[in-house]
Amino acid sequence: MPYVPLFVRVERAVIVGGGRVAERKARTLVDLGVDVTVVAPEEPEWIRDLPVRFVRRRVERPENLPEADLYVAATDDPDLNARLESALSLVNRVDTPRPKVRFPSVLRSGDAVLAISTGKPRVTRALRMIAAELLGPTLRKAAELPDDVRKWSLERVINELEGLRWEDQ
């Protein structure tokens, strides 16, 4: 089954689990401005560093979870992760190489967002680093363009973005 690249507006996310992967996902979501709730049987130390809600609970069924736009199944229980993934709509399951929802690596400047995903985390991070070096200034400039840019021709937009031409890249 193919992946469809898209951006989804997420106001609330629930992360089930409290380990290193849960922490990384929580930091990513908080950085993006998402209201995050972490549900785990024990309160992880890292949670004090982030503006997230914590619910102390051992999750056994999806019905035990708060309502959210996105769920992250980051437990060490593959059966629970699978149950969450099959019962809930948008679930990033961290213990499988082909989850329903993947977190891309993100390069962001204001409203300009470049997302990269390969299914191979180290390759994805390397590509993000290369993209940041090559496109960082252009992405910052794109974020600063006025709202009426939708009315501009593609050529004008390209000229505004540091005078780049597609043929030159």
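Below is a summary of the structure that appears in this document. No experiment lies behind these values; they were computed from the predicted model shown. (Residues numbered from 1 in each chain as written. Predicted model: local features only at pLDDT ≥ 70, side-chain atom pairs only at ≥ 80, totals over all residues. Heavy atoms only, no water.)

### What about the packing of aromatic side chains?
- What the rule picks out here adds up to zero aromatic pairs.
- Here the basic side chain of Lys25 rests over the ring of Phe103, its NZ or CZ set 4.2 Å away from the ring centre.
- Across from the ring centre of Trp152, 3.7 Å away, lies the NZ or CZ of Arg156, which sits over that ring. (Phe/Tyr/Trp six-rings, centres within 6.5 Å; stacked < 30°, edge-to-face > 60°. Lys NZ or Arg CZ within 6 Å of the ring centre and 35° of its normal.)

### Let's talk about the environment of Ser153
- Residue placement: Ser153 occurs in the loop between helix H3 (121-144) and helix H4 (154-160).
- You can call Ser153 partly exposed: its relative accessible area is 43%.
- Remark: the alpha-carbon pair of Ser153 and Asp35, spanning 118 residues in sequence, is separated by 37 Å. (Helix = DSSP H or I, 4+ residues; strand = E, 2+ residues; numbered from the N terminus. Buried < 20%, exposed > 50% of the residue type's maximum accessible area, 1.4 Å probe, protein only.)

### A few points about the pattern of salt bridges
- With the rule as written, the count across this model stands at eight salt bridges.
- For Arg61, the salt bridge is made with Glu63, and the minimal N-O distance between the two is 3.1 Å.
- What makes Arg61 partly exposed here is its relative accessible area of 46%.
- What you see here is one network of salt bridges that share partners, running through Glu23, Arg27 and Asp49. (Salt bridge = Lys/Arg side-chain N within 4 Å of Asp/Glu carboxyl O.)

### A short note on the nonpolar core
- Membership of the largest hydrophobic core comes to 18 residues, with the highest contact counts inside it found for Ile15, Leu29, Val36, Val38, Trp46 and Val52.
- Elements with a minimum of two residues in this core: strand S1 (12-16), helix H1 (20-31), strand S2 (35-40) and strand S4 (70-73).
- A total of four residues in this core trace back to one element, the largest contributor, which is H1.
- When sequence neighbours within four positions are dropped, the list of residues in contact with Val38 reads Ile15, Gly17, Trp46, Ile47, Val52, Arg53, Phe54 and Val55.
- Val14, Val16, Val39 and Ala68 belong to the second largest nonpolar core, which has twelve residues in total. (Core = buried A, V, L, I, M, F, W, Y, C linked by side-chain atoms within 4.5 Å. Contact = heavy atoms within 4.5 Å.)

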